[in-house]
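# Structural overview for review
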Amino acid sequence: MTNSLKLKALLLLNGLSQEDLAKYLGLSTQTINMKINNKRAFKLQEITKICDLLKIDNIQERFAIFFVNEVDLRLQNA
């Protein structure tokens, strides 16, 4: 599950819109909107490209944005 608020904030901080992101990934704006709002999942290749675009190098930050539930579940089971 994607942390929509964090991703939207990072896009805004980088002066990008969802439309810009859609063009960058070669997807429709509607598809990007669905992915950001957790109605569809991002593919790993898309996540990698988004992280490159937004210069998200820290693995923990990547997990905090794109793998919210997975991280939370692992922490609970630790």
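Please read all numbers here as calculations on a predicted model, not as lab measurements. (Residues numbered from 1 in each chain as written. Predicted model: local features only at pLDDT ≥ 70, side-chain atom pairs only at ≥ 80, totals over all residues. Heavy atoms only, no water.)

Looking only at helices and strands, the protein chain has 6 helices and 0 strands in total. Across the 78 residues that make up the protein chain, the buried fraction comes to 28%. For the protein chain, the accessible surface area stands at approximately 5,200 Å², while carbon and sulfur atoms represent 54% of it. (Helix = DSSP H or I, 4+ residues; strand = E, 2+ residues; numbered from the N terminus. Buried < 20%, exposed > 50% of the residue type's maximum accessible area, 1.4 Å probe, protein only. Areas by Shrake-Rupley, 256 points an atom, 1.4 Å probe, with all protein chains shown as cover.)

In this section: the environment of Thr29. Considering the arrangement of structural elements, one finds Thr29 in helix H3 (residues 29-36). Taking the relative accessible area as the measure of exposure, Thr29 reaches 37% and is therefore partly exposed. Excluding its chain neighbours within four sequence positions, the residues that come into contact with Thr29 are Glu19 and Ala22. (Contact = heavy atoms within 4.5 Å.)

Looking now at the side chain of Glu46. Positionally, Glu46 belongs in helix H4 (residues 44-54). In terms of polar contacts, Glu46 uses its side chain to reach the backbone amide nitrogen of Lys43, at 2.9 Å. Ignoring anything within four residues of it in the chain, the contact list for Glu46 reads Leu25, Leu27, Lys35 and Ala41. (Polar contact = N/O pair within 3.5 Å; in protein donor to acceptor, adjacent residues only side chain to side chain.)

Turning our attention to the nonpolar core. Leu7, Phe42, Ile50 and Phe66 are the most contacted members of the largest nonpolar core, which has 16 residues in total. Residue assignment for this core shows that the elements contributing at least two residues are helix H1 (4-13), helix H2 (18-25), H3, H4 and helix H5 (59-66). (Core = buried A, V, L, I, M, F, W, Y, C linked by side-chain atoms within 4.5 Å.)

Here the protein chain shows a mean pLDDT of 90. Residues at 70 or above account for 88%. Within the protein chain, the element-level pLDDT minimum falls on helix H6 (residues 68-77), averaging 53, and the maximum on H2, averaging 98. A low-confidence stretch, residues 71-78 stays under pLDDT 50, and its non-local contacts, those more than four residues away or across chains, total 2 contacts. (pLDDT = per-residue confidence, 0-100.)

On to H1, then. Looking only at H1, the buried set comprises Ser4, Leu7, Leu10 and Leu11. The buried side chains of H1 occupy one side of the element, clustering within an arc of 135° when seen end-on. The outward face of H1, more than 90 degrees from its buried face, is lined by the exposed residues Leu5, Leu12 and Leu13. Where H1 is buried, its residues contact H2, H3, H4 and H5. (Arc of directions from axis to C-beta.)

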